[in-house]
Amino acid sequence: MFSYLLYVLALGVIGTGLIQKKKHRPKYKIIGFRDEVSIEETEGILSNHGIKIKKHLPLANACLCLVDEISAGFKSLTANDNIEFIEDDYIAMIQVIPQTADSLKIKSQTIPWGISKIEAPKAWKHCQGEGIKVGIIDTGIDQRHPDLKANIKVAHSVVEGTGADDDNGHGTHVAGTIAALDNDIGVVGVAPKAEIYSVKAFDNKGRGRVSDIIDALNWCIENKVHIINMSFGFSVNSQALERAIREVHKHNIIMVAAAGNSGGKDTVLYPAKYPEVIAVAASDNKDKAADFSSSGPEVNIIAPGVDISSTYINQEYRLLSGTSMACPHVVGACALLMSISGADADNVKNAVLSTARDIGLPEETQGVGLVDVSAAVSNIKKTKGGFFYE
Ligand code: CA
């Protein structure tokens, strides 16, 4: 009887402990301020409510804070007129289909099917993407890869406690589709002389926090990149990310994102879903849509995304599939066009979208159609004239 009482008492103590622990676990929140509130003012407001800032997110006029939701300070903050939104620090995922692919053995340089399919090699006699800075927000990059190294201008990480190296493989694969070198080994990218600005915002499991993605977008602006590759997505509309995307757009930077690997109808993920971002669906080598490819009215264009060979970590090459693989084909196409023509972001974007090839799929699946570099070059020649190397 006595031991039973002790047992009940012990359960009670453990139970209370668990409840208390759960109640008081602090959580990261993004606190967004009204446009007219300055950074100095946000510091004052948060400090008055006893909330410490983990980091500023100036692109979203917001702060990342570790908060205790049941504290009096946080509760009173939610009623403050200067606050526009408070949201979780959501997690986005890279858009690759999980698979256990072996390393590819490539004897001499082979042009991947997707690069030929979008007619990129026809443009190479004019130019190969020289002078165009491409920001890649991803899992990092293999900085020692012999088929990428010469094009990597900067490799940076915004993930706390992690270097710029790729510990997943995804970022290195995406980078290769954009700008693997035209040499005698491995693969070749759409724009083999474009400059790679790699910024790691995703961990080894392919997860990236909105706060880190916003940091990475800010880094892209500071480094004056021309185009940003975003082979990731998630289904929540983060107000902080939406604000940041609008700011990047004001800087005349082309943003391209993976439509998503959710399949089905009306399944386009953010950030591809935002109007400022080109949403890319995935096709196979027979011009059919990949069954995993998200669809919906926000899909802008379709590009190769099934069994794509590209560079991989440990100086290897691999086949991967996903709208993550389609996205960099469009980024590479934009880089080639911008380099060839000297045209600005809007003209390049219009040329790529207006010349895509209709492959007979529903508009919600293919957008305007399959990206066609050769047709886009002819188009921009007509409108811009004079800029060419011919
Ligand atoms: Ca190569």
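Keep in mind it's a predicted model, so treat the numbers as computed, not measured.

Draft legend 1. Quick peek at the pairing of strand E6 (residues 133–138). Burial within E6 is extensive, with 5 of its 6 residues counted as buried. With 6 bridges connecting them, E6 and strand E8 (residues 195–200) associate as parallel partners. Looking at the pairing, isoleucine 137 lines up with valine 199 of E8. Bridge analysis of E6 against strand E10 (residues 227–230) gives 3 bridges, and the strand direction is parallel. The partner of isoleucine 136 across the bridge, within E10, is asparagine 229.

Draft legend 2. Local environment of the pattern of salt bridges. A full pass over the atoms with the stated rule returns 19 salt bridges. Residues aspartate 88 and lysine 27 are paired through a salt bridge, measuring 3.6 Å at the closest nitrogen-oxygen approach. Of the two residues, aspartate 88 sits in strand E4 (residues 83–88) while lysine 27 sits in strand E1 (residues 27–33), which places them 61 residues apart along the sequence. The class for aspartate 88 is partly exposed, based on a relative accessible area of 23%. Owing to a relative accessible area of 35%, lysine 27 belongs among the partly exposed residues under this scheme. A single network of salt bridges, built from pairs that share partners, joins Lys27, Lys29, Glu69 and Asp88.

Draft legend 3. Representation of the coordination of the calcium ion in the model. Surrounding the calcium ion are the protein donor atoms Gln109 (OE1), Asp147 (OD), Asp147 (OD), Leu181 (O), Asn183 (OD1), Ile185 (O) and Val187 (O), at 2.3 to 2.8 Å. Positions of the donor residues of the calcium ion along the chain correspond to the pattern Q-x37-D-x33-L-x1-N-x1-I-x1-V. A residue pair is termed long-range when its members are at least 10 positions apart, and glutamine 109 in the loop between strand E5 (91–94) and helix H4 (113–117) and asparagine 183 in the loop between helix H5 (170–179) and E8 qualify at 74 residues. Looking at glutamine 109, the relative accessible area reads 22%, which means it is partly exposed. Residue asparagine 183 is classed as partly exposed on the basis of its relative accessible area, which comes to 29%.

Draft legend 4. Highlighting unusual backbone geometry. Omega for the bond connecting tyrosine 270 with proline 271 falls within 30 degrees of zero, at 5°, which places this linkage in the cis form. Of note, the phi angle at glutamate 119 is positive, near 65°, even though the residue is not glycine. Examined against the element boundaries, glutamate 119 turns out to sit in the loop between H4 and E6. Residue classification places glutamate 119 among the partly exposed residues on the basis of a relative accessible area of 22%.

Draft legend 5. Region of the structure containing the layout of surface pockets. Computed from the structure, the largest pocket encloses a volume of approximately 310 Å³. Lining the largest pocket are 17 residues, and of these Val159, Glu160, Arg209, Ser211 and Asp212 sit closest to its centre. Elements supplying a minimum of two residues to the lining of the largest pocket: strand E2 (53–57), strand E9 (207–209) and helix H6 (210–222). Top contributing element to the lining of the largest pocket by residue count: E9, with 3 residues. In this model, the second largest pocket occupies a volume close to 240 Å³. Lining the second largest pocket, in full, are Ile94, Val96, Ile97, Pro98, Gln99, Ala101, Asn168, Gly169, His170, Tyr312, Arg318 and Leu320. Of the residues in the lining of the second largest pocket, the class split is 7 nonpolar, 4 polar and 1 charged.

Definitions and cut-offs
- Residues numbered from 1 in each chain as written.
- Predicted model: local features only at pLDDT ≥ 70, side-chain atom pairs only at ≥ 80, totals over all residues.
- Heavy atoms only, no water.
- Buried < 20%, exposed > 50% of the residue type's maximum accessible area, 1.4 Å probe, protein only.
- Helix = DSSP H or I, 4+ residues; strand = E, 2+ residues; numbered from the N terminus.
- Pairing = 2+ DSSP bridges.
- Salt bridge = Lys/Arg side-chain N within 4 Å of Asp/Glu carboxyl O.
- Donors = N, O, S within 2.8 Å, 3.2 Å for Na, K, Ca; no water.
- 1 Å grid on protein atoms, 1.4 Å probe; cavity = no way out; pocket = protein on both sides within 12 Å on 5 of 7 lines; lining within 4 Å.
- Points joined across faces, edges and corners; volume = space filled by probe spheres on them.
- Nonpolar A, V, L, I, M, F, W, Y, C, P; charged D, E, K, R; others polar.

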